[in-house]
Amino acid sequence: MSAARRVATERATRLAVKPSPYHAAVNPCDAQESPRPSTARRRIRVKREDVEHDGPEDLADRLPAAATKKRATAKTETSMTMIGTKSRSPKKSKVIPQSLAVPHPAPERWKEAYDAIKEMRSRIPAPVDTMGCDQAQWNEQDPKNSRFATLISLMLSSQTKDEVTDAAVAKLRTGVGGSLSVDAVIAADETTISDAISKVGFWRRKTQYIKQAAQRLRDDFDSDVPKTVDELCSLPGVGPKMAFLALQVAWKLNLGIGVDVHVHRITNRLSWHQRPTKNPEETRLNLQSWLPKELHGEINHMLVGFGQVSCLPCYGRCASLSARNVIHAR
C-alpha cells in the first residue's frame, strides 16, 4: 500500500457546525479531517540474512507456532508414508493349482479321437512344427541362452501367430548382438526391443515385460530360467501355459499341460469336458486329471497344429472333411 493511501485511511472526517452570516436559521457545516490511530496490521519485515539457518530446527524457531505445527504434522505423515513403503513386503508369487479336488472322468472313446488327430497331424504340417517355441533354442550355443530364448519366444507368442513370433525372435536376437542372453537384453534399450518385436500383439507391454523379466532372472535366478511353475509365473508376462511349455522345452520337465486357445477350443468341441470349460486354466485342470501323463508333453503341439490348419476357429467349422468327421464322431 502506498504511503499516501495509508495516510488517507488513517484520517477521520468530522463535521463542524458554524453560524451562517446570511441567515440565522441556516447552519452550514465544514468538513474537517482529524488524525486517528491506525488500525492497519503491522508487517514484520525480516532481512534475508536473518532467516539463514543451518538446519530445520533453526527454521522452526523463527516460524509462527501454527506454521511450525503444520510442518511437523506434514513431516510426520511423510515419515509414516516412507516407513510404510519400506516395510511393504514383496509381492508373493501366485500358487498355480495342479489338480482338482474331484478328478474329472475320462470321456468315452477319447483315445479314438486322439489317435485320429495324431495320425492326421503326421500327414499335415503346421506352422507350429517349424516356428513354434521349441525352435528358438536351436540358434543358441550356451544352454542358458537356449532356455532364455525359449522363454522369450513364449512371452512373444501370446495373441500372435507363430510366423510373426518366429520373425520377431530372430530380429530381437540380431538387435541385441546376435545372441539372446539375459545380459544382452538388460543392456539393450527399450527402443531396440520395441523395434524388433513391433509386429507381435501387445508389443509395447511385452517390451516392458521382457526387460523386467530379464532383470528378475539376473537378480533372483542366476540369469537362468527357473525350474518350477510358480517361479516362472512370478515373472512379468508369464502365465501357466508359458510356464508348463517352458519347463517341457527348456528343462525337459513334464509337470503339466500347456493349454492355449487351440487346446481349449478343440477339447470342448470334442466334448472332452462334462460341462464346457470357461477358460484355458479350467481346461488344463480337467485334462490333467484324466489324460495319461505320458501324453501331457505332446498334446499341446498336436492340437495347436490341428487347430492351425484343420480345426479352424472361424465360423465354428473345420477346414477338412477328416477333421469334421473326428469332431462329429464325438
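Structure: above.
Residues numbered from 1 in each chain as written. Predicted model: local features only at pLDDT ≥ 70, side-chain atom pairs only at ≥ 80, totals over all residues. Heavy atoms only, no water.

**Here's the deal with the nonpolar core**
Leu180, Ile197 and Leu232 are the most contacted members of the largest nonpolar core, which totals 42 residues. Contributions of two or more residues to this core are made by α6 (143-157), α7 (162-175), α8 (182-187), α9 (190-197), α10 (203-220), α11 (229-233) and α12 (240-250). Look past the residues within four positions of Leu180 in its chain and what remains in contact with it is Glu140, Asn145, Phe148, Ala149, Ile152, Val169, Leu172, Arg173 and Val185. In this structure, Trp110, Met120, Val263 and Met302 belong to the second largest nonpolar core, which totals 20 residues. (Core = buried A, V, L, I, M, F, W, Y, C linked by side-chain atoms within 4.5 Å. Buried < 20%, exposed > 50% of the residue type's maximum accessible area, 1.4 Å probe, protein only. Helix = DSSP H or I, 4+ residues; strand = E, 2+ residues; numbered from the N terminus. Contact = heavy atoms within 4.5 Å.)

**Some points on the packing of α7 against α9**
In contact at an axis separation of 8 Å, α7 and α9 are set at 150 degrees when each is read in the N-to-C sense. On the basis of the axis angle, α7 is roughly antiparallel to α9. Like other packed secondary-structure pairs, α7 and α9 cross with a definite hand, here right-handed. Residues Ala168, Lys171, Leu172 and Gly175 of α7 form the contact with α9, whose own contacting residues are Thr192, Ile193, Asp195, Ala196 and Ile197. (Axes fitted to C-alpha atoms, helices over the stretch in contact; angles between N-to-C directions. Parallel < 35°, antiparallel > 145°, perpendicular 65-115°, else oblique. Left-handed = near helix turned anticlockwise from the far one by under 90°.)

**Description of the environment of Pro313**
With respect to the helices, strands and loops of the structure, Pro313 is situated in the loop between α15 (296-309) and α16 (321-328). Among the residues examined, Pro313 registers a relative accessible area of 44% and is labelled partly exposed. Sequence separation between Pro313 and Val261 is 52 residues, and the spatial gap between their C-alpha atoms is 9.4 Å. The residues contacting Pro313, other than those within four sequence positions of it, are Arg265, Arg269 and Gly307.

**Description of the packing of aromatic side chains**
All chains considered together, the criterion is met by three aromatic pairs. Aromatic side chains Trp110 and Trp290 sit 5.2 Å apart centroid to centroid with 65 degrees between the ring planes, which places their arrangement in the edge-to-face category. With a gap of 180 residues between them, Trp110 in helix α4 (residues 110-123) and Trp290 in helix α14 (residues 280-290) connect regions that are remote in the sequence. A relative accessible area of 14% places Trp110 in the buried class. The class for Trp290 is buried, based on a relative accessible area of 10%. With centroids separated by 5.6 Å and ring planes inclined at 90 degrees, the aromatic side chains of Trp272 and Trp290 adopt a geometry described as edge-to-face. On the criterion of sequence distance, the pair formed by Trp272 in the loop between α13 (261-269) and α14 and Trp290 in helix α14 is long-range, its members being 18 residues apart. (Phe/Tyr/Trp six-rings, centres within 6.5 Å; stacked < 30°, edge-to-face > 60°.)

**Remarks on α12**
In terms of burial, α12 is a largely internal element, nine of the 11 residues being buried. In this structure, the buried side of α12 is in contact with α6, α11, α14 and α15. Positive backbone phi, approximately 60 degrees, marks Lys252, located one or two places after α12.

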